[in-house]
Amino acid sequence: MTVLVAGGAGYIGSHTVTELMSRGFDVVIADDFRGSSRKTLQGIEAITGKRCLCWEGDLRDYDSVSAAFSQWRPETVINFAAYKSIGESVEEPLKYYDNNLRVMINLCRAMEEHRAERMIFSSSATVYGSGSSPMGEECQASETLNPYGETKKICERILMDFNRAHPSKDVCILRYFNPVGAHSSGLIGESSEGRVTNLMPLICMTAAGKAGPLKVYGQDYPTPDGTGVRDYIHVTDVAAGHVAAMSFLKEHKGVHVFNLGTGRGISVLEMIKAFERVNRVKVPYKVVSRRPGDVAECYASVEKAEKVLGWRARLDIEDMVRDAWRFETMEQQDVF
Ligand code: WQD
């Protein structure tokens, strides 16, 4: 049973591929390496002791996607392939709509043409817009806060309509909150190369002396310490959520939506203090004005994933900061 993982060389994709290969699934990565590194494949192979099968091509080109499906004949598709920077999506909305929607449409068309039966989609808590936490799966926002979130919302709609037209195509939509951390080996993780906007890689860059003091975007939110609160979830837990979805879709027809979060909100200052305490490094910071588009707090309702999907997050903030730092220090050693 082959699983084609679109965007499988990326941050969350590579951790999911590692979990699937470690559990004996036949996996092929489909990636164009525009947003990821080939070194990641070496990390996956070092962890699993197995060769990474990879198809390199442009997922925005239907003929390429169809050729990949002809070659690998996947029964299941996991789609991670999307641009994901909120800020960049505001500056370049057409780039986000063109890429994120076109890839989803191509994958669905190829599923229809090549009789792939199941899709697991990497969606996001950004579809909840500025709703109040904890966010339940039924709380979909009428309007998201940025083009990135809108592409995720539209992709969910594409999948729901695709299933209505083709009832044999079963779908699991997984809405991530804030994935952070790295594989415990330190061999794969969230690279701090290139354009970095997320909190954890920026903390790592400051701690490693690769950047100046961390900017804390606002300390005047209505939260316990005034800084933004998010539901950070270890990327290994997110990967395990995809393995649970694989098993779930073997037994369940239709379209199913689950939050992947911990159900706990952690503030920026709490994350900084935990990082310093666990890793015994300093993270200098300065409070600056709020970042446009940020909400005060966002964390998940996790009951449905626990009761229906049979999955819950097991790693805690100490695991997240320890594993993120290990990857950062090993990446600096250029292991591959
Ligand atoms: C987290 C908190 C910032 C940087 C992310 C991803 C997005 C999507 C949703 C999956 C906020 C604060 C950050 C910094 C800071 N993920 N912060 N200084 O905005 O919640 O969005 O989750 O689909 O792809 O971007 O994550 O890490 O950017 O911010 O103070 O230098 O950290 O204000 O409160 P965000 P983030």
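All of these numbers come straight from a predicted model, not from anything done at the bench. (Residues numbered from 1 in each chain as written. Predicted model: local features only at pLDDT ≥ 70, side-chain atom pairs only at ≥ 80, totals over all residues. Heavy atoms only, no water.)

## As for the sheet that holds strand E2 (residues 26-31)
Strand pairing in a sheet relies on backbone hydrogen bonds. The paired strands run either parallel or antiparallel. Taken together, 7 strands build an open sheet; the order of strands is E3-E2-E1-E4-E5-E6-E11 and the sheet is parallel. Looking at which strands have only one partner, the edges of the open sheet turn out to be strand E3 (53-56) and strand E11 (255-260). Each strand of the sheet is rotated relative to its neighbour by a mean of 20°, with strand direction disregarded. Here 4 bridges tie strand E1 (residues 2-6) to strand E4 (residues 76-79), and the two strands are oriented parallel to one another. Within the sheet, the bridge partner assigned to Ala6 lies in E4 and is Asn79. (Pairing = 2+ DSSP bridges. Helix = DSSP H or I, 4+ residues; strand = E, 2+ residues; numbered from the N terminus. Axes fitted to C-alpha atoms, helices over the stretch in contact; angles between N-to-C directions.)

## So, the sheet that holds strand E14 (residues 297-298)
An order of E12-E9-E14 is seen for the 3 strands of this open sheet, with the pairing classed as mixed. The open sheet is flanked by strand E12 (266-267) and E14, the only strands paired with a single partner. Here strand E9 (residues 229-230) pairs with E14 via 2 bridges, running parallel. Residue Val229 lies in a different strand from E14, and its bridge partner there is Glu297.

## Thoughts on the pairing of strand E5 (residues 118-124)
Burial within E5 is extensive, with 7 of its 7 residues counted as buried. Burial of the side chains of E5 extends over both faces: Arg118, Ile120, Ser122 and Ser124 are buried on one face and Met119, Phe121 and Ser123 on the other. Looking at chain direction, E4 and E5 are connected through 4 bridges and run parallel. Opposite Thr76, over in E5, you have Arg118 as the bridge partner. (Buried < 20%, exposed > 50% of the residue type's maximum accessible area, 1.4 Å probe, protein only.)

## As for the UniProt feature "domain: NAD-dependent epimerase/dehydratase" (unreviewed entry) in the chain
According to UniProt, the "domain: NAD-dependent epimerase/dehydratase" (unreviewed entry) feature falls on residues 3-261. The span residues 3-261 is 41% helical and 19% strand by assignment, and the distance between its end C-alpha atoms comes to 24 Å. (UniProt positions renumbered as here; feature names shortened; annotations may be inferred.)

## Structural notes on the pattern of salt bridges
In this structure the tally under the stated criterion is 24 salt bridges. Asp32 serves as the salt-bridge partner of Arg34, at 2.4 Å between the closest nitrogen and oxygen. It is possible to trace a salt-bridge network through shared partners that takes in Arg277, Glu318, Asp319 and Arg322. (Salt bridge = Lys/Arg side-chain N within 4 Å of Asp/Glu carboxyl O.)

## Concerning the site of the ligand
In the vicinity of the ligand there are 20 residues, among which Tyr148, Asn198, Leu199, Lys215 and Asp294 approach most closely. Leu199 places a main-chain nitrogen or oxygen 2.7 Å from an oxygen atom of the ligand. Between an oxygen atom of the ligand and a side-chain N or O atom of Asp294, the distance comes to 2.6 Å. Burial of the ligand by the protein chains amounts to 93% of its free accessible area of 690 Å². Elements represented by at least two residues in the shell around the ligand include exactly helix H7 (199-207) and strand E8 (214-217). Looking at which element gives the most residues to the shell around the ligand, the answer is E8, with 4 residues. (Near = heavy atom within 4 Å. Polar contact = N/O pair within 3.5 Å; in protein donor to acceptor, adjacent residues only side chain to side chain. Areas by Shrake-Rupley, 256 points an atom, 1.4 Å probe, with all protein chains shown as cover.)

## Examining unusual backbone geometry
Of the consecutive residues Ser133 and Pro134, the connecting peptide bond is found in the cis state with omega at 0°. One non-glycine residue, Arg280, adopts positive backbone phi at about 50°. Inspection of the secondary structure assignment puts Arg280 in the loop between helix H9 (268-279) and strand E13 (285-288). On the basis of relative accessible area, Arg280 is assigned to the exposed category, the value being 74%.

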